[in-house]
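# Coordinate analysis (summary)
Below are the chains, spelled out letter by letter.
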Amino acid sequence: MSETLLLVGLQWGDEGKGKVIDALSSRFEIVARFQGGANAGHTVQIGDEKFILHLVPSGILHPGTLCVVGNGVVADPGGLLDEIDALRERGVEVGENLAVSDRAHVVMPHHKVMDRASESELGEGKIGTTGRGIGPCYADKAARCGIRFAEMLQPRVFRSRLDALMDLKNRILVEIYGREPLDTDAIYEEYCGYAERLRPFVRDTVAILHDALRQGRSILLEGAQGSLLDLNFGTYPYVTSSAVVAGGAPVGTGIPPGRINRVLGVAKSYCTRVGEGPFPTEQANEAGALMRERGNEYGSTTGRPRRCGWLDGVALRHTTALNGVDALSVGLLDVLSAFETINVCTGYRVDGRTLEQFPASLETLGAVEPVYEQFPGWQSDITEATEWEHLPAPARNYLEAIERIAGAPVQFVSVGPERNQLIERKADD
Ligand code: IMP
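Parameters at a glance
- Residues numbered from 1 in each chain as written.
- Predicted model: local features only at pLDDT ≥ 70, side-chain atom pairs only at ≥ 80, totals over all residues.
- Heavy atoms only, no water.
- Helix = DSSP H or I, 4+ residues; strand = E, 2+ residues; numbered from the N terminus.
- Buried < 20%, exposed > 50% of the residue type's maximum accessible area, 1.4 Å probe, protein only.
- Contact = heavy atoms within 4.5 Å.
- Areas by Shrake-Rupley, 256 points an atom, 1.4 Å probe, with all protein chains shown as cover.
- Axes fitted to C-alpha atoms, helices over the stretch in contact; angles between N-to-C directions.
- Parallel < 35°, antiparallel > 145°, perpendicular 65-115°, else oblique.
- Left-handed = near helix turned anticlockwise from the far one by under 90°.
- Near = heavy atom within 4 Å.
- Polar contact = N/O pair within 3.5 Å; in protein donor to acceptor, adjacent residues only side chain to side chain.
- Salt bridge = Lys/Arg side-chain N within 4 Å of Asp/Glu carboxyl O.
- Pairing = 2+ DSSP bridges.
- 1 Å grid on protein atoms, 1.4 Å probe; cavity = no way out; pocket = protein on both sides within 12 Å on 5 of 7 lines; lining within 4 Å.
- Points joined across faces, edges and corners; volume = space filled by probe spheres on them.
- Nonpolar A, V, L, I, M, F, W, Y, C, P; charged D, E, K, R; others polar.
- Domains from an automatic or database assignment.
- Buried area = accessible area lost by both parts, 1.4 Å probe.
- Phe/Tyr/Trp six-rings, centres within 6.5 Å; stacked < 30°, edge-to-face > 60°.
- Expected span 1.5 Å × (residues − 1).
- Disulfide = S-S within 2.5 Å.

## A look at the overall build of the protein
Assigned secondary structure in the protein consists of 13 helices and 20 strands. Here the protein holds 429 residues, and 57% of them are scored as buried. The long-range share in the protein, meaning contacts at least 24 apart out of those at least 6 apart in sequence, stands at 76%. Counting only carbon and sulfur atoms, one obtains 48% of the accessible surface of the protein, whose full area is about 17400 Å².

## Topic: the environment of Ala-164
In this structure, Ala-164 sits in helix α6 (residues 155-176). Along the chain, Ala-164 and Cys-145 lie 19 residues apart, while their C-alpha atoms are 8.8 Å from each other.

## Focus on the packing of helix α3 (residues 109-122) against helix α4 (residues 134-142)
The interhelical angle for the contact between α3 and α4, taken along N-to-C directions, is 120°, at an axis separation of 7 Å. By the angle between their axes, α3 is oblique relative to α4. The handedness of the crossing between α3 and α4 comes out as right-handed. Along its contact with α3, which presents His-110, His-111, Met-114 and Asp-115, the element α4 presents Ile-134, Pro-136, Cys-137 and Asp-140.

## A look at the site of the ligand
Every one of the 15 residues lining the ligand counts as a neighbour, but Asp-14, Asn-39, Thr-130, Thr-240 and Arg-304 are closest to it. Note that an oxygen atom of the ligand is positioned 2.9 Å from one of the side-chain N or O atoms of Asn-39. Contact distances for the ligand include 3.3 Å between an oxygen atom and a backbone N or O atom of Val-274. In the complex, the protein chains occlude 96% of the 470 Å² of accessible area that the ligand would expose alone.

## Examining the pattern of salt bridges
Tallying each qualifying case throughout the model produces 22 salt bridges. The partner of Lys-126 in a salt bridge is Glu-276, and the shortest N-O contact between them spans 3.7 Å. Here Lys-126, found in the loop between α3 and α4, pairs with Glu-276, found in the loop between β12 (271-273) and α10 (286-294); they are 150 residues apart in sequence, far enough to count as distant. Taking relative accessible area as the criterion, Glu-276 reaches 32% and is therefore assigned partly exposed.

## Concerning the pairing of strand β1 (residues 4-9)
Buried residues dominate β1, accounting for six of its six residues. Alternating positions in β1 separate into two faces, Thr-4, Leu-6 and Val-8 on one and Leu-5, Leu-7 and Gly-9 on the other, with burial throughout. Sheet topology note: the β1/strand β10 (residues 219-222) ladder contains four bridges and is parallel. Each bridged residue has a counterpart across the sheet, and for Leu-7 the counterpart in β10 is Glu-222.

## Some details on the layout of surface pockets
In this structure, the second largest pocket occupies an estimated 190 Å³ of space. Lining the second largest pocket we find 13 residues, and of these Gly-72, Tyr-138, Lys-141, Ala-243 and Val-251 sit closest to its centre. Of all the secondary-structure elements, those providing two or more residues to the lining of the second largest pocket are α4 and α9 (248-253). Broken down by element, the lining of the second largest pocket gets its largest block of residues, three residues, from α9. Classifying every residue of the lining of the second largest pocket by side-chain character gives five nonpolar, seven polar and one charged.

## Side note on the domain arrangement of the protein
For the protein, the assigned domains are domain 1 (4-102 + 201-262), domain 2 (105-147 + 154-198) and domain 3 (267-424). For domain 1 and domain 3, the distance between their C-alpha centres works out to 24 Å. The three residues of domain 1 that bury the most area against domain 3 are Leu-10, Trp-12 and Lys-19, which together make up 25% of that side's buried surface. At the surface where domain 1 touches domain 3, the tally comes to three salt bridges. Between Asp-14 and Arg-306 there is a salt bridge, with the nearest N and O atoms lying 3.2 Å from each other.

## Concerning the packing of aromatic side chains
Remark: the centre distance and the inter-plane angle together describe each pair of aromatic rings, the angle taken between the planes. Going through the model one piece at a time under the given rule, you end up with seven aromatic pairs. Plain terms: the ring middles of Trp-12 and Phe-279 are 5.1 Å apart, the flat faces sit at 55° to each other, and that makes the pair tilted. Placement of Trp-12 in the loop between β1 and α1 (17-25) and of Phe-279 in the loop between β12 and α10 is noted, with a sequence separation of 267 residues between them. In this structure Phe-279 comes out as buried when scored by relative accessible area, which is 7%. Pairing Trp-378 with Tyr-398 gives two aromatic rings, centres 6.2 Å apart and planes at 45°, and the pair type is tilted. Placement of Trp-378 in the loop between β18 (369-376) and α13 (393-406) and of Tyr-398 in helix α13 is noted, with a sequence separation of 20 residues between them.

## Brief notes about α3
Taking 1.5 Å of rise per residue, the 14 residues of α3 would be expected to cover 20 Å, and the 20 Å separating its terminal C-alpha atoms lies within 8% of that figure. Taken together, the buried positions of α3 are occupied by Pro-109, His-110, His-111, Met-114, Asp-115, Ala-117 and Glu-119. Each element contacted by the buried residues of α3 is listed here: β8 (105-106), α4, α6 and α7 (184-198). Trailing α3 by a residue or two, Gly-123 shows a phi angle of about 55°, which is positive.

## Remarks on the state of the cysteines
Counted under the stated rule, the structure contains zero disulfides. Here Cys-145 stays free of any disulfide, with the sulfur of Cys-137 as its closest cysteine sulfur at 9.7 Å. Cys-345 takes part in no disulfide bond, and the closest cysteine sulfur, belonging to Cys-271, lies 8.9 Å away. Take Cys-345: its relative accessible area is 0%, and that puts it in the buried class.

Here is the structure:
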């Protein structure tokens, strides 16, 4: 049956979306990214081989799947080519199976310089970005001075857009940030080189996706980052600069909202965050260190150690509702096998009151005291479990509690990094 499934992260990113997308890719003819850029790092482990994909949709590892980089993505052309080359070197076919939207915005050198410069200006108050130029590129897009792939492929148009843009950006770099100006001629040459190599991939992806819908082909929409990093609903300003939640998918692909049939929300069985910003259930202690070690919680894009903590049920309920999640995928359950007792935050206490809702104010969020519900651990190896009933009763009990708290059923459970360590729950489980 033709289906458009949207997969979104429900926490602060790094929920293990790459693995679920990889598992589902064989069921879909098309896999499309709709937001973000090379700030993402989707890890897929196949046997001894580990693939980390930043811009290319994870579906590329399945021969025959068409991968689309949608119009809502901001793509660094040099990074994209490096990723294509690295995949080819490892025997992965990348050719007609990859289409990059002509409306996607191009990450330019000044975006990366400004990303880092503004972080260093912010000092203690920095966002903790990935330094990939994502925020400045989306800022240029919103300010209507960005360059899209469509423009980059037309040398004369590109040159005039670039001249106007760099005239302004170099003044900002020199006069505001005290940096060296960038060489516009060199950027032009470099990017024209990228344009020639990327030309075969740049297509009208809106038309491709609309044709696919007409032909009844199945589409998987691959979200990057997590809903708590969403520009509108996340922990602003400690967020990324795109619409991460389900609502971003129609805008970032051109697929009408009514054509999206199902939303799968991906969460970890605990929480992690990289970068700055409040994190009420953070465990900056032995428990957090154990989660980090067992879950190998280091950023796949920047290598930064991730902050770890218990599952935040208040935040999860908020993001499940925001995304209209139909089913959940709960990842890294095996990481919790080491704990005698597992905590889940089910309410926030602040000023003697219990907050039921996720607050907009970061001051409030930073001040809340989590109210924990405790669950007995299972303290046994679950990494070989392939069926729901193989899981020990306390593990199933924990998953059922997550369903109640989040308000959506658990469909997938991941019990290890390998492709096959994913349990799909049957209707009668
Ligand atoms: P930016 O997206 O590089 O601007 O970073 C903004 C915030 O989002 C920072 O806290 C980053 O650590 C976070 N972030 C961006 N991409 C990811 C991701 O793929 N996983 C987890 N955090 C991310």
